[in-house]
Amino acid sequence: MAAPDVRSATRERGSATDIAGVVVLSGCAVWSLISAAGREARPEGVLLAVFAVAAGYACGRICGTLLPVAAASAAALAALGLAIASRQGVPGAIAGTPIQPGHTGAAAALLVLGAGAACCAASAARPAALRLALRMLALAVACTALALGSVAGCAAALGILLCSLAAVRMRHRTVALVGLAVATGLVVATSWGVAEDTLPDGLTVSLQGQLTQNRVDLWRDAISLAKDDPVRGVGPDRFGKLSTTAQQSLGSDGKPHSASLQQAAEQGVVGVALLGAAFGWMLYGLWRSPRSTPVVLSAGAALTALAVLASVGNALSFTPVTAGAGLLAGLATAHTAGGGSAERGTRTARWPDAAADSRTL
């Protein structure tokens, strides 16, 4: 009777995660329509992003159940190929638009997702030679980021690889996932502090030198627009039309280059809350995942790195990135062919599941 009980508990955890995802993603879609009502707004971009996340998550759950290692490896190679191709414009972006500076951020985001997928595959693989090969793939992704001129992407990919290696000896995933959430919150709070000019002068000057004055001005325009209508915002895809900095910037893509600030300006405080809920849902799904802790934390590190990049760029404006985030989350929360017990069964002594972790804490 132990095996049926384990499978039943696994299905219950998966159902709770799926229900939470449906509620959050539906809320994002509905609120974008509410925010756009009665205005010359275009909620299509938000709806496409929501659909991409949902489709990627469903695909990841299915492929991760059938072929966990092969699917994650294929996802890593696909992300690497898309990132290399993004030098000529990100595949899946709006056709006919010129190459924008934000495409570099999208390439870095794809490489981060590729490194995360490679580390997930390595953590799930059993042969030592295959694990080493997949770790080397993650290292190759980091080198590719450096070759493409993305220092941030290279640093993020290396960080994901190191987190994946460290996760091998971690017994509890809760503390690590909470740490990743806190790190993301600190980055978001810092970006808002720069926009509001509430940070110490020395820190503000240092950050402005790294972010460029143009980006800081875009953030301040976003804060100003958010204050005009803090509940509904100005409407989806209207920032570029209402931001003075965006209108005066040569080759501007009409984005504030910060996901949270864009949500605040275009969809108000509710939009920001829904964006945070979407990230929280992914971390919640990882916490309840039947997969091993190294797989979970590898995906969590990649999603956190993506959230950090999205806090200072417009990576989430590209469909391949949002679909890839959903795919990675689906792969890391998929049930194995044995209902999740097979993978944990070989590692129970070292990596307790989320239920045991929560009982311990």
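Residues numbered from 1 in each chain as written. Predicted model: local features only at pLDDT ≥ 70, side-chain atom pairs only at ≥ 80, totals over all residues. Heavy atoms only, no water.

Student: Teacher, can you tell me more about the pattern of salt bridges here?
Tutor: Oppositely charged side chains can pair when the atoms bearing their charge come close. Taken as a whole and judged by the stated rule, the model has 4 salt bridges. The partner of Lys-255 in a salt bridge is Asp-237, and the shortest N-O contact between them spans 3.5 Å. One end of the pair, Lys-255, is in the loop between helix H11 (244–248) and helix H12 (259–287); the other, Asp-237, is in the loop between helix H9 (213–228) and helix H10 (239–242), with 18 residues separating them in the sequence. (Salt bridge = Lys/Arg side-chain N within 4 Å of Asp/Glu carboxyl O. Helix = DSSP H or I, 4+ residues; strand = E, 2+ residues; numbered from the N terminus.)

Student: What is the right way to look at the nonpolar core in this model?
Tutor: Across soluble globular proteins, nonpolar side chains have a tendency to be buried as a group. Residues Ile-160, Leu-286, Val-321 and Leu-328 are the most contacted members of the largest nonpolar core, which totals 73 residues. Top contributing element to this core by residue count: helix H4 (residues 102–124), with 15 residues. One finds Val-194, Val-216, Trp-219 and Ile-223 within the second-largest nonpolar core, a separate group that totals 15 residues. (Core = buried A, V, L, I, M, F, W, Y, C linked by side-chain atoms within 4.5 Å. Buried < 20%, exposed > 50% of the residue type's maximum accessible area, 1.4 Å probe, protein only.)

Student: Got a minute to help me understand the side chain of Thr-184 in this structure?
Tutor: Turning to its location among the elements, Thr-184 is positioned in helix H7 (residues 173–196). Other than its neighbours up to four places away in sequence, Thr-184 contacts Phe-279, Thr-304 and Ala-307. (Contact = heavy atoms within 4.5 Å.)

Student: So what exactly am I meant to see when it comes to the confidence of the model for the protein chain here?
Tutor: Detail in the predicted coordinates should be disregarded across regions flagged by low pLDDT. Averaged over all residues, the pLDDT of the protein chain is 85; the fraction at 70 or higher stands at 84%. Every residue in residues 89–102 is under pLDDT 50, and counting partners more than four places away or in other chains gives 23 contacts. Confidence over residues 344–361 falls short of pLDDT 50; this stretch has 41 contacts with residues more than four positions distant or in other chains. (pLDDT = per-residue confidence, 0-100.)

Student: Where do I start with the packing of H12 against helix H14 (residues 319–333) in this structure?
Tutor: Helix-helix packing: each pair is described by the crossing angle between the helix axes and the interaxial distance. Running from amino to carboxyl end, H12 crosses H14 at an angle of 20°, the nearest separation of the two axes being 9 Å. One finds that H12 runs roughly parallel with respect to H14. Seen along the crossing, H12 lies across H14 with a hand that is left-handed. Contacts from Met-282, Gly-285 and Leu-286 of H12 reach H14 at Ala-325, Gly-326, Ala-329, Ala-332 and Thr-333. Here the residues of the contact of H12 with H14 are counted per class, giving 5 nonpolar, 3 polar and no charged. (Axes fitted to C-alpha atoms, helices over the stretch in contact; angles between N-to-C directions. Parallel < 35°, antiparallel > 145°, perpendicular 65-115°, else oblique. Left-handed = near helix turned anticlockwise from the far one by under 90°. Nonpolar A, V, L, I, M, F, W, Y, C, P; charged D, E, K, R; others polar.)

Student: Help me understand helix H3 (residues 68–85), please; the structure alone is not making it clear to me.
Tutor: Here H3 is 18 residues long and its end C-alpha atoms lie 26 Å apart, about the 26 Å a rise of 1.5 Å per residue gives. Along H3, the positions that sit buried rather than exposed are Val-69, Ala-71, Ala-72, Ser-73, Ala-75, Ala-76, Ala-79, Leu-80 and Ala-83. (Expected span 1.5 Å × (residues − 1).)

Student: Just checking my understanding: could you explain unusual backbone geometry for this structure?
Tutor: Peptide bonds are mostly trans, and most non-glycine residues show a negative phi. Positive phi, normally seen in glycine, also occurs at Asp-237, with a value near 65°. Unlike most non-glycine residues, His-257 shows phi in positive territory, near 60°. Along the chain, His-257 turns up in the loop between H11 and H12. Using a relative accessible area of 10% as the deciding quantity, one classes His-257 as buried.

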